[in-house]
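# Structural overview for review
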Amino acid sequence: MRYLPLAIALPLLAHCAADEPPPAPPPPPPVVAAPPPPPRPSGPQPPETPRVPASTTYFGVAVPDDYAWLEDKTSPKVTAWSDAENAYMHAIVDALPDRPAIRARVAALVGDDSPGYGEIVARGKTLFAMKNQPPKQQSFLVTLASTADLKTEKVLLDPNAVDVSGKTTIDFFVPSHDGKHVAVSLSSGGSESGDVHVYDTATGLERADNVIPRVNGGTAGGSLAWASGDSGFFYTRYPHAGERAEADLSVYQQVYFHKLNTDTAKDAYAVGKDFPRIAEVELESSPDGRVVVARVANGDGGDYALYVHDAQKPLTAWTQLSTYADKVVGDKFGPDGALYLHSHQKARGEILRLSPATLPLAKATVLVPESDAVIEAFKATATRLYVVDLVGGPSQVRIIPLHAPAKPGPVVTVPILPVSQVSGIADLGGDDVLIRDESYTQPAGFYRFTAKTGKLEKTALSKVSPADYSDTDVVREQCTSKDGTKIPVNIMQKKGAVRDGTGYAMLTGYGGFAVSRAPRFRALTRVLLDAGVVFAEANLRGGGEFGEEWHKAGNVTKKQNVFDDFYACAKLLAEEKVAPAAHLAIEGGSNGGLLMGAELTQHPEVYRVVVSHVGIYDMLHYETTFNGAFNVTEYGTVKDEAQFKALYAYSPFHNVRDGVAYPSVLFMTGANDPRVEPYNSRKMTARLQEAATANGGQDGHPILLRTSHDTGHGMGTPLAAAIEEAADGLAFTLHELGVKFR
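Below is a summary of the structure that appears in this document. What you see is a predicted model, and the numbers here were worked out from it, not measured in a lab.

Attention now goes to empty space enclosed by the protein. For the structure shown, the criterion picks out three cavities of 30 Å³ or more. Its volume calculated, the largest cavity comes out at about 50 Å³. Lining the largest cavity are I616, Y622, T625, N627, G628, N631, R675, V676, E677, Y679 and N680. Sorting the residues of the lining of the largest cavity by element identifies α9 (628-635) and α11 (679-694) as the ones contributing at least two each. Counted by class, the lining of the largest cavity contains four nonpolar, five polar and two charged residues.

Now the structure itself:
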């Protein structure tokens, strides 16, 4: 596999901070009654969608919204319309001749019974791990005594046994310091609304008097940290019914304390009354439980404040360690009790050390200064700090001595997989660690790094690939965005692939919330490759691949940069004769769904097929939803005129135009989504179908909406539901591209 060397990748930041004024919003279309539709052709047709004139005025601009009625999920009319759209989608997709074979292949790939392991936490000689093993619908929690001997594995909690429907999932788990107990958040139906249960590690039995409702939520999530002596724990708490208005029950997160085996109704307030309305709190305690840190995000924009509690002080005595202006974005305790802090005072990050952890921030010392790489995560061991860096997308793991000055010379790194992503490190005692690593062609697995020998060895906690990728190359190329910024795009293709301008490709991206698109194994790329479709992934601004400047260059009023970057990547595929516009499909989800909406409305001629999952499309109304409030620090608000203009200029729903030929589109949403209201997909579908009708029909380019009634944003989706969704998406994509499944 070929990849850009670091020296070539670093100059990509050259234009990331370009500060261009947002484009003027498009003129609002007149509010007029829809003309009578033309006679409908034979075959499946979407339901007729009434337009109910409505508008909202922002800074003197009247913005029509004739599909606002589709926002009411409790309305029988909305339910009937959604069911009719689902029936229309299934009438088309289920009839595709290749769908049965595609579904069988998808089931074989993602339903492969080779086990995979997710998060691992060590407590003494016991390892706690999340395990996934089809045909089980959900991952489950196990314990192990050794990474070398799977015979020591014991199932601690299996949500598939708790709920035979397969709809209950584990949101997170936190073992006590002594490993004798584990607190687990469980939610169902993709809601992410999780209640915490406490289990005995040795027996797997639940301590029934310790169930705490609604510790976990959607975007704000949930967290828990055991206190000194493991007699209880701090946890995140949302307002209970009656404590605040209904519109505020998913915000105003605070921290409470629960003492084991006591009435949860008597749990005590600890801190949070002064936190922002859109606080997102993560808790962590020191190895002895004496010190607890609350990391408080101000929504999703990447700003954090830290608060510290010492067990020797009253429960409500918390000291603010850092403010949002201090740009401390992460914290981890070391086995020595010192607090290690991830600072963004420098764009690519540095790591500070504070010992003891209760000292003021001014006493922290710089342990790892800024370098050419972007610091993403770290793990402190007995005498070392393992630092996970991003190098434009892929990872590297540096080894930094804790108690001695770094020696001059080349950077010392762990020999991980080439062009890979490190997504977790677990401390095994001393300086030995487990590293979770994966690449585009190799599934995630845990590798044991032995400090004494410097060797990295694959453990039994590694998934076996369900398909052979020895015929595949991954290459990294660059395109030039509208403002001159160089944008990386990763291309996965068959070895010896000929670029002659007749090929097919699928392009994906994200570009937001400082989320980096690092190399990741996706079993379903095998379906595309076997059908002759190249898979490409873009590293767009708004992500974190090149540091905080790269992120800030793609959010709020600079969000248009993200869409320009993606368009440039699509043009690259055509210019390099990978695939012309007529052979190009694009796919994205969540913030990547917003990206899909912007691309299909801004450049409909460049794409043949669009598959968009759980996306935001009405950017003028999103912030009025439970979850949307958290997104304001990333997207902006209509309450600010400059930000309104930027939002209106690209809001996909508001930029659909009659008389435009749009590509084939499949929208997918989950009825229980707590992060993006499904009405976004309903409204966008209705508006595009209206535009198609105004164009005299859909010209063979269907606009479809798929709604799953038992899932949400994707978290906790049962295996069976995931298979059906993937089969629909792939069958639709290949059929609309005109590609035969092989």
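Next comes the rest of the account.
Taken in spatial order, the four strands line up as β15-β16-β17-β18 in an open sheet, and their pairing is antiparallel. If you trace the sheet from one side to the other, it starts and ends with β15 (279-285) and β18 (318-322), each paired once. Each strand of the sheet is rotated relative to its neighbour by a mean of 25°, with strand direction disregarded. Where strand β16 (residues 291-298) lies against strand β17 (residues 304-310), seven bridges are found, and the strand directions are antiparallel.

To summarise the sheet geometry, strands pair through backbone hydrogen bonds and adopt either a parallel or an antiparallel arrangement. A sheet is described by the order of its strands in space; here three strands give the open sequence β23-β24-β25, paired in antiparallel fashion. The strands lining the two open edges of the sheet, one partner per strand, are β23 (374-380) and β25 (395-401). Along the sheet, successive strands turn relative to each other by an average axial angle of 25°, direction set aside. With six bridges joining them, β23 and strand β24 (residues 384-390) adopt antiparallel strand pairing. Residue I375 lies in a different strand from β24, and its bridge partner there is D389.

The geometry of helix α3 (residues 99-110) relative to helix α12 (residues 719-737) is characterised by a closest axis approach of 9 Å and an angle of 135° between their N-to-C directions. The orientation of α3 with respect to α12, classified from their angle, is oblique. As for the relative orientation of α3 and α12, their crossing is right-handed in sense. Touching R99, I102, R103, V106, A107 and V110 of α3 are L719, I723, E724, A726, A727, D728, L730, A731 and L734, all from α12. Partitioned by chemical class, the residues of the contact of α3 with α12 number 11 nonpolar, no polar and four charged.

The description of an aromatic ring pair uses the distance of the two centres, along with the angle that the planes make with each other. All told, the structure shown has 17 aromatic pairs when counted by the stated rule. With a centroid separation of 6.2 Å and an interplanar angle of 70°, the aromatic rings of F233 and Y235 are classed as edge-to-face. Centroid distance F234 to W318: 5.7 Å. Interplanar angle 90°. Geometry classified as edge-to-face. Note that F234 is positioned in strand β12 (residues 232-237) and W318 in strand β18, a separation of 84 residues in sequence. Across this residue pair, the class does not change: F234 and W318 are buried. One aromatic cluster in this structure is built from Y58, F59, F644 and Y648. Stacked on the ring of F140, the Lys or Arg K136 has its end atom at 5.0 Å from the ring centre. The aromatic ring of Y269 is capped on one face by K273, whose charged end is 4.5 Å from the ring centroid.

Thresholds applied
- Residues numbered from 1 in each chain as written.
- Predicted model: local features only at pLDDT ≥ 70, side-chain atom pairs only at ≥ 80, totals over all residues.
- Heavy atoms only, no water.
- 1 Å grid on protein atoms, 1.4 Å probe; cavity = no way out; pocket = protein on both sides within 12 Å on 5 of 7 lines; lining within 4 Å.
- Points joined across faces, edges and corners; volume = space filled by probe spheres on them.
- Helix = DSSP H or I, 4+ residues; strand = E, 2+ residues; numbered from the N terminus.
- Nonpolar A, V, L, I, M, F, W, Y, C, P; charged D, E, K, R; others polar.
- Pairing = 2+ DSSP bridges.
- Axes fitted to C-alpha atoms, helices over the stretch in contact; angles between N-to-C directions.
- Parallel < 35°, antiparallel > 145°, perpendicular 65-115°, else oblique.
- Left-handed = near helix turned anticlockwise from the far one by under 90°.
- Contact = heavy atoms within 4.5 Å.
- Phe/Tyr/Trp six-rings, centres within 6.5 Å; stacked < 30°, edge-to-face > 60°.
- Buried < 20%, exposed > 50% of the residue type's maximum accessible area, 1.4 Å probe, protein only.
- Lys NZ or Arg CZ within 6 Å of the ring centre and 35° of its normal.

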